[in-house]
Amino acid sequence: MRQYLQPHGITPKQYNILRILNERSPESLSIQEIRDMLADKMSDASRLVDRLSKKALIDKFPSDQDRRSNRARITTAGQELLASISQDRKQLDAQISKRLSEEDIEHLNNLLDRLK
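Being a predicted model, the structure only gives us computed values, none of them experimental. (Residues numbered from 1 in each chain as written. Predicted model: local features only at pLDDT ≥ 70, side-chain atom pairs only at ≥ 80, totals over all residues. Heavy atoms only, no water.)

Enquirer: Looking at this structure, how should I read the pattern of salt bridges?
Expert: A pair can form between side chains of opposite charge whenever their charged atoms are brought close. Tallying each qualifying case throughout the model produces four salt bridges. In this structure, the salt-bridge partner of Asp 44 is Arg 47, at a minimum N-O distance of 3.6 Å. The exposure class assigned to Arg 47 is partly exposed, which follows from its relative accessible area of 36%. Its salt-bridge partner being Lys 60, residue Asp 50 comes within 2.3 Å of it at the nearest N-O pair. Of the two residues, Asp 50 is situated in helix H4 (residues 45-54) and Lys 60 in strand S2 (residues 58-62); the sequence distance between them amounts to 10 residues. (Salt bridge = Lys/Arg side-chain N within 4 Å of Asp/Glu carboxyl O. Buried < 20%, exposed > 50% of the residue type's maximum accessible area, 1.4 Å probe, protein only. Helix = DSSP H or I, 4+ residues; strand = E, 2+ residues; numbered from the N terminus.)

Enquirer: Could you clarify how one ought to interpret the environment of Gly 9 in this entry?
Expert: With respect to the helices and strands, Gly 9 occurs in the loop between helix H1 (2-5) and helix H2 (12-24). Note: C-alpha distance between Gly 9 and Leu 81 (72 residues apart in sequence) is 10.0 Å. Excluding anything up to four places from it in sequence, Gly 9 contacts Gln 14 and Lys 55. (Contact = heavy atoms within 4.5 Å.)

Enquirer: Would you mind going over the nonpolar core with me for this structure?
Expert: In globular proteins that are soluble, nonpolar side chains generally tend to be buried together. Formed by 22 residues in total, the largest nonpolar core has its most connected members in Ile 10, Ile 17, Leu 18, Leu 21 and Ile 34. Elements with a contribution of two residues or more to this core: H2, helix H3 (31-37), H4, strand S3 (70-74) and helix H5 (76-99). At five residues, H2 tops the list of elements feeding residues into this core. Sequence-distant contacts of Leu 21, defined by excluding residues within four places in its chain, comprise Leu 29, Ile 34, Ile 58, Ala 72, Arg 73 and Ile 74. (Core = buried A, V, L, I, M, F, W, Y, C linked by side-chain atoms within 4.5 Å.)

What is shown is where atoms sit, not what they do.
Have a look at this one:
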């Protein structure tokens, strides 16, 4: 996955944040909510959000309820990037399908779910 994301200038963790925010669009999420939804609970979601904000892929702004907390929302540029990555993702999925049976893929997904 890293290989497919590299030309787009983002990391797999940043990609996951974009996907999470895109699923909730047009709503925003707090940084804590984003962190809770990530598979890697130890990741520094705040730092990742800052980097995506600098790239104009998400908007980061103070929460209306708690000014000490920040929220994030995906931008149009972020949605366009995800659409572009989706094409590369289809190529990756096709390569995986060529090498693994449906049963192997299901088994792999179950193992990965257990690691979350």
